[in-house]
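Here is what each chain is made of, one letter per residue.
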Amino acid sequence: MALTNKDPHNLRETVKTIALGVRIVRREARGKPTKRLEKRVDRIREQAQAREDAKNTSTSKRKK
């Protein structure tokens, strides 16, 4: 379940991304590095987009 029809993230990925965003903001406020957490968010986004692209590719092949 995504937030919108256009959103490639499922509910679990959305919650993880938000939680990581909160951790990033807290670490930035303390002056600590956030690169590791930002990479995790990027990885989640890339996996979600890849899954959505694969789904759309297979769906468009079936429609033809």
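Residues numbered from 1 in each chain as written. Predicted model: local features only at pLDDT ≥ 70, side-chain atom pairs only at ≥ 80, totals over all residues. Heavy atoms only, no water.

*Asks:* Just checking my understanding: could you explain the overall build of the protein chain for this structure?
*Replies:* Check the secondary structure of the protein chain and you find two helices and zero strands. Looking at the protein chain as a whole, 22% of its 64 residues are labelled buried. Within the protein chain, residue pairs in contact and separated by at least 24 positions form 44% of the contacts whose partners lie at least 6 positions apart. As displayed, the protein chain offers around 5,400 Å² of accessible surface, 53% of which is attributable to carbon and sulfur atoms. (Helix = DSSP H or I, 4+ residues; strand = E, 2+ residues; numbered from the N terminus. Buried < 20%, exposed > 50% of the residue type's maximum accessible area, 1.4 Å probe, protein only. Contact = heavy atoms within 4.5 Å. Areas by Shrake-Rupley, 256 points an atom, 1.4 Å probe, with all protein chains shown as cover.)

*Asks:* Hey, could you run me through a positive patch on the surface in this one?
*Replies:* On the surface, a cluster of positive charge is made up of R12, K16, R23, K35, R36, K39, R40 and R43. The element best represented in the positive patch is helix α2 (residues 35-63), accounting for five residues. (Patch = residues over 30% accessible without salt bridge, like charges linked within 9 Å, V, L, I, M, F, W, Y side chains within 5 Å. Salt bridge = Lys/Arg side-chain N within 4 Å of Asp/Glu carboxyl O. Lys, Arg positive; Asp, Glu negative; His and termini not counted. Charge placed at Lys NZ, Arg CZ, Asp CG, Glu CD.)

*Asks:* So what exactly am I meant to see when it comes to the nonpolar core here?
*Replies:* Side chains that are nonpolar tend, in soluble globular proteins, to be buried together. Judged by nonpolar contacts, L20, I24, L37, V41 and I44 together constitute the single largest core of five residues. Listed by contribution, the elements that provide at least two residues to this core are α1 (11-30) and α2. Here this core gets three residues from one element, more than from any other, and that element is α2. Those residues in contact with L37 that lie beyond four places of it in its chain are L20, R23, I24 and R27. (Core = buried A, V, L, I, M, F, W, Y, C linked by side-chain atoms within 4.5 Å.)

*Asks:* I'm lost on the environment of I44 in this one. Help?
*Replies:* Looking at the element boundaries, I44 is found in helix α2. For I44, a relative accessible area of 13% gives the class buried. Here the alpha-carbon distance between I44 and K16, two residues 28 residues apart in the chain, equals 8.4 Å. Contacts of I44, omitting those with residues within four sequence positions, involve H9, E13, K16, T17 and L20.

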